[in-house]
Amino acid sequence: MSKLDKTARDIKTMRVRGALNIAITALKALDDVLDDEARDTKALIRKLELGGKKLKSARPTAVSLPNAVNYALLVAKENRLLSLEEFRSEMHSSLNRFIIEQEKSLEKIGAIGANLIESGDVILTHCNSDTVVTILKKAHDEGKKIKVVCTESRPRYQGLITAKELSSYGIPTILIVDSAVHLMMKKLKVDKVFVGADTVCSDGDVINKIGTSQVALCAKELDIDFIVATESIKFSFESVMGSLVLIEERDPSEVISKAKLPKVKVMNPAFDVTDSSYIDMIITEHGIMPPQAAYQLIGEKFRSRA
Ligand code: RUB
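Just so you know, these numbers come straight off a predicted model, no measurement behind them.

Draft legend 1. Quick peek at the state of the cysteines. If you walk through the whole model with that rule in mind, you get 0 disulfides. Not engaged in a disulfide, the cysteine Cys127 finds its nearest cysteine sulfur in Cys150; these two sulfurs lie 11 Å apart. Overall, Cys127 belongs to the buried group, its relative accessible area being 7%. Owing to a relative accessible area of 1%, Cys150 belongs among the buried residues under this scheme.

Quick look at the structure:
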């Protein structure tokens, strides 16, 4: 199995997961393809295109994956007239620059998000977002005394990853089952909710781990700020063109084994859509914006593709 096939498999099986991590890992896999044997530049671009197609089909919901792959293919197209060696070197630097930019975006969001946190805040988060974890760690580093409530995030329990990471960083952490969100928001006096994103649509709707929209409903009802933290690589240009985001349906065995409920149809959607009206703000590397500004950001970011 080639390195790229292995990466595609790891994304599919969620060994590699989280929208930003998926995008960066996919770019690294394409970067490896550049060192494959090839007759000429055209042949190498063909390999990148085939590899990109495989990577894109590994998981359907997080737009960061196709955005990252499309970026690599766009740069490849722009450099198609270079000799094979020049092409390789130009592509290596462009891809590495892009990866570094993503890592810097994460850091910037960490700083912006931490500014929104006050000492004494009780913060609730759902699933496991590196972006949210970066914000919470930064707030803690700044000496703010925070407490974080993590949901389990059934069925894959990514909330446990968040809880483990934050608690071992020294942040007081509480784990709750997903269905305890409303009660515990009141009981623990949650001040703010921070979640990540897999895709942000042009109308400001946010797609994130299944259960996010329920958390948003509870936050709205209790007048708690609901904040999305996301790199701009997760904004969907396709949504401007009317494409709907495909919500990944994963294997029912992740929920329960077939043997336990043989006559029951089990469904396992992995993501849901939080309506923009439930979102108080979105933090990107460009700063804080209302969800309604998503269209504008997409316009600025993807001008060349319109
Ligand atoms: C992960 C998930 C995360 C976003 C953002 O889902 O929904 O909230 O991907 O994460 P899964 P990040 O575990 O199914 O990949 O901020 O790390 O990009």
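Draft legend 2. Main features of the domain arrangement of the protein. Domain boundaries assigned for the protein yield domain 1 (3-108) and domain 2 (109-305). Domain 1 and domain 2 are separated by 26 Å when their C-alpha centres are compared. Each partner contributes residues to the interface: domain 1 has 23 residues there, and domain 2 has 32 residues. On inspection of domain 1 and its partner domain 2, the count reaches 1 salt bridge. The closest approach of N and O atoms between Arg59 and Glu248, which form a salt bridge, is 2.8 Å. Within the residue set of the side of domain 1 that touches domain 2, elements represented by two or more residues are helix 2 (19-33), helix 4 (64-78) and helix 5 (84-115). Top element by residues in the side of domain 1 that touches domain 2 is helix 5. It accounts for 6 residues. Per-class residue counts for the side of domain 1 that touches domain 2 are 10 nonpolar, 8 polar and 5 charged.

Draft legend 3. Structural detail: a nonpolar patch on the surface. On the surface, a cluster of nonpolar side chains totalling about 250 Å² of accessible area is made up of Tyr157, Leu160 and Leu175. We classify Leu175 as partly exposed; its relative accessible area is 42%.

So, how was this worked out
Residues numbered from 1 in each chain as written. Predicted model: local features only at pLDDT ≥ 70, side-chain atom pairs only at ≥ 80, totals over all residues. Heavy atoms only, no water. Disulfide = S-S within 2.5 Å. Buried < 20%, exposed > 50% of the residue type's maximum accessible area, 1.4 Å probe, protein only. Domains from an automatic or database assignment. Contact = heavy atoms within 4.5 Å. Salt bridge = Lys/Arg side-chain N within 4 Å of Asp/Glu carboxyl O. Helix = DSSP H or I, 4+ residues; strand = E, 2+ residues; numbered from the N terminus. Nonpolar A, V, L, I, M, F, W, Y, C, P; charged D, E, K, R; others polar. Patch = residues over 30% accessible without salt bridge, like charges linked within 9 Å, V, L, I, M, F, W, Y side chains within 5 Å. Areas by Shrake-Rupley, 256 points an atom, 1.4 Å probe, with all protein chains shown as cover.

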